[in-house]
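Close look at the chain arrangement
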Amino acid sequence: MSGSGSLYSECSSQEGPDELDTLGWYHYDLSRHAAEALLLSNGKDGSYLLRNSHEGPNFLALSVRAKDSVKHFHVKREGEGYSFGFNVYPSLQNFVEHFANQPLLGSDSGTLIMLRCPYPRRVEEPSIYESVRVHTAMQTGRTEKDLVANAPSLGTKEGYLVKQGALVKNWKTRWFTLNRNELKYFKDKMFDEPIRTLDLTSCSAVQFDYSQERVNCFCLVFPERTFYLCAKTGVEADEWIKILRWKLSQLRKGR
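Residue positions are given per chain, counted from 1 along the sequence in the order it is written. Under the rules for a predicted model, residues below a pLDDT of 70 receive no local features and side-chain atom pairs below 80 are neither given nor counted, while totals for whole chains, interfaces and linings still include all residues. Hydrogens and water molecules were not included; the side-chain quantities draw on all heavy atoms of the structure.

This brings us to the overall build of the protein. A run of H or I in DSSP becomes a helix once it reaches four residues, and a run of E becomes a strand once it reaches two; helices and strands are each numbered from the N terminus. Along its length, the protein carries four helices and 13 strands. Surface exposure of the protein reaches about 13,400 Å², of which carbon and sulfur atoms provide 48%. Throughout, the Shrake-Rupley method with a 1.4 Å probe supplies accessible areas, and for residues the shown protein chains are the sole cover considered.

On the basis of which strands lie adjacent, the open sheet formed by six strands has the order 5-4-3-2-1-6 and mixed pairing. Each edge of the open sheet carries a strand with a single partner, namely strand 5 (87-89) and strand 6 (117-118). Both strand 4 (residues 81-84) and strand 5 contribute to a ladder of three bridges, which runs antiparallel. What sits directly across from tyrosine 82, in strand 5, is tyrosine 89. Whether two residues touch is decided by their heavy atoms; if any such pair falls within 4.5 Å, the residues are in contact. Every axis in this analysis is a line fitted to C-alpha atoms, fitted for helices over the stretch in contact. Angles between the N-to-C directions lie between 0 and 180 degrees. Packed onto the sheet, helix 2 (residues 32-42) meets strand 1 (47-52), strand 2 (59-66) and strand 3 (69-78) and runs at close to 160° relative to strand 1. Relative to the sheet, helix 3 (residues 92-99) contacts strand 1, strand 2, strand 3, strand 4 and strand 5, its axis offset from that of strand 5 by approximately 125°. Following DSSP output, two strands are said to pair if at least two bridges run between them.

As a further point, take the pairing of strand 8 (residues 171-179). Any residue under 20% of the maximum accessible area for its type is buried, any over 50% is exposed, and the rest in between are partly exposed; the area is computed with a 1.4 Å probe on protein chains only. Counting buried residues along strand 8, seven of its nine residues qualify, which places the element largely inside the surrounding structure. Bridge count for strand 7 (residues 157-164) against strand 8 is eight bridges, and the pairing is antiparallel. The partner of glutamine 164 across the bridge, within strand 8, is tryptophan 171. Between the antiparallel neighbours strand 7 and strand 8 lie six residues.

Below, the discussion takes up the nonpolar core. Side-chain atoms within 4.5 Å link the members of a nonpolar core, which is a set of buried Ala, Val, Leu, Ile, Met, Phe, Trp, Tyr and Cys residues. Counting 31 residues, the largest nonpolar core has Leu183, Leu200, Val206, Phe218, Leu220, Trp240 and Leu244 as its most contacted members. Contributions of two or more residues to this core are made by helix 2, strand 8, strand 9 (182-186), strand 12 (217-221), strand 13 (226-230) and helix 4 (234-252). If one sorts the elements of this core by residue count, helix 4 sits on top with seven residues. By size, the runner-up hydrophobic cluster in this structure holds 21 residues, among which are Leu23, Leu50, Leu62 and Val75.

So, on to the sheet that holds strand 10 (residues 196-199). The pairing of strands in a sheet happens through backbone hydrogen bonds and is either parallel or antiparallel. Ordered in space as 10-9-8-7-13-12-11, the seven strands form an open sheet in which the pairing is antiparallel. Two strands in the sheet have a free side with no partner beyond their single neighbour: strand 10 and strand 11 (205-208). Going across the sheet, the axis of each strand differs from the next one's by a mean of 35°, ignoring polarity. Contacts from helix 4 reach strand 7, strand 8, strand 9, strand 11 and strand 12, with the element oriented near 160° to strand 11.

One non-glycine residue, tyrosine 28, lies in positive phi territory at about 55°. Position of tyrosine 28 among the secondary structure elements: in the loop between helix 1 (4-7) and helix 2. Its identity as a non-glycine residue notwithstanding, arginine 180 has a phi of 55°, on the positive side. Relative to the helices and strands, arginine 180 is located in the loop between strand 8 and strand 9.

Below, the discussion takes up the environment of asparagine 170. Along the chain, asparagine 170 turns up in the loop between strand 7 and strand 8. If sequence neighbours within four positions are ignored, asparagine 170 has contacts with Lys163, Gln164 and Gly165.

Quick look at the packing of helix 2 against helix 4 now. Running from N to C, helix 2 and helix 4 point in directions that differ by 120°, and their axes come no closer than 8 Å. Considering the angle they form, helix 2 stands oblique to helix 4. The crossing of helix 2 and helix 4 is left-handed. Contact residues: helix 2 offers Ala34, Glu36, Ala37, Leu38, Leu40 and Ser41, while helix 4 offers Lys242, Ile243, Trp246 and Ser249. Looking at the contact of helix 2 with helix 4 residue by residue, the class counts come to six nonpolar, two polar and two charged. Should an angle fall under 35 degrees it is called roughly parallel, over 145 degrees roughly antiparallel, and 65 to 115 degrees roughly perpendicular, with every other angle called oblique. Put simply, a crossing is left-handed when the front helix is turned counterclockwise from the back one by less than a right angle, and right-handed when it is turned clockwise. Amino acids are sorted into nonpolar (Ala, Val, Leu, Ile, Met, Phe, Trp, Tyr, Cys and Pro), charged (Asp, Glu, Lys and Arg) and polar (every other residue, Gly among them).

Further remarks concern the environment of methionine 190. Tracing the backbone through its elements, the reader meets methionine 190 in the loop between strand 9 and strand 10. When the C-alpha atoms of methionine 190 and tryptophan 175 are compared, they prove to be 9.0 Å apart, with 15 residues separating the residues in sequence.

A separate point is the pattern of salt bridges. The salt bridge criterion pairs a side-chain nitrogen of Lys or Arg with a carboxyl oxygen of Asp or Glu, the two atoms within 4 Å. Under the defined criterion, the tally for this structure stands at six salt bridges. Between glutamate 36 and lysine 242 there is a salt bridge, and its shortest N-O distance comes to 3.4 Å. Residue glutamate 36 is found in helix 2, and its partner lysine 242 is found in helix 4; the two are separated by 206 residues along the sequence. Classification of glutamate 36 by relative accessible area gives buried; the value is 11%. By relative accessible area, lysine 242 is classed as buried at 17%. When the shortest N-O distance is used, the salt bridge between lysine 157 and glutamate 239 registers 3.2 Å. With lysine 157 in strand 7 and glutamate 239 in helix 4, this residue pair connects regions lying 82 residues apart in the sequence. The class of lysine 157 is buried, set by a relative accessible area of 18%.

By themselves these figures say nothing about function.
If you want it as structure tokens, here you go:
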């Protein structure tokens, strides 16, 4: 990892509220669930982002990935500084540099939470089938040598899900791929042509479903039909729901 000088070079030395607009990792009104989806799907241990908090106009929320979970902390604006715990920091750059060198907190499981890599607001989604280099590093001042060579594509997901049929209400295993605004499902992983492509711009909701007497089930609501899908585990179903909800939130924001 690069030293803190290059890691946080994107942050402005300017202090006060206007400093937020200079931070590439400030995500404005990103929701708690969307922040978790981003960091769990595309981040790594120590990835973090800043967003507005529902606590009030003077509060910000710092979301940090700690291994397989995401922790959220409140940061309060105090005049031209930012308070966290019992300390006040003159700028957000000073704050993240401080906690890059010592843990924010120890979690209940004993995991130390460190700020290691800011998660950028602007992300271009590559093709799901490409081996890509994480562009995050390019936006935080690191060089190409610091990039991960075979990182997973950003904002994408693929895997097997069990889907309920439209007319005959039987359940069949299908291979699903999520890329940009399209959720495709195939007869199996080795097939090139999808059975169907769902355009998420027409999807109104994604949520857990308890009506089908099946575990780990969730549904996607479209005007003409509700699609019922089941994952192998609750964790996997939750991952699908979070990233699909994040997609919908981005579409509603017009991004």
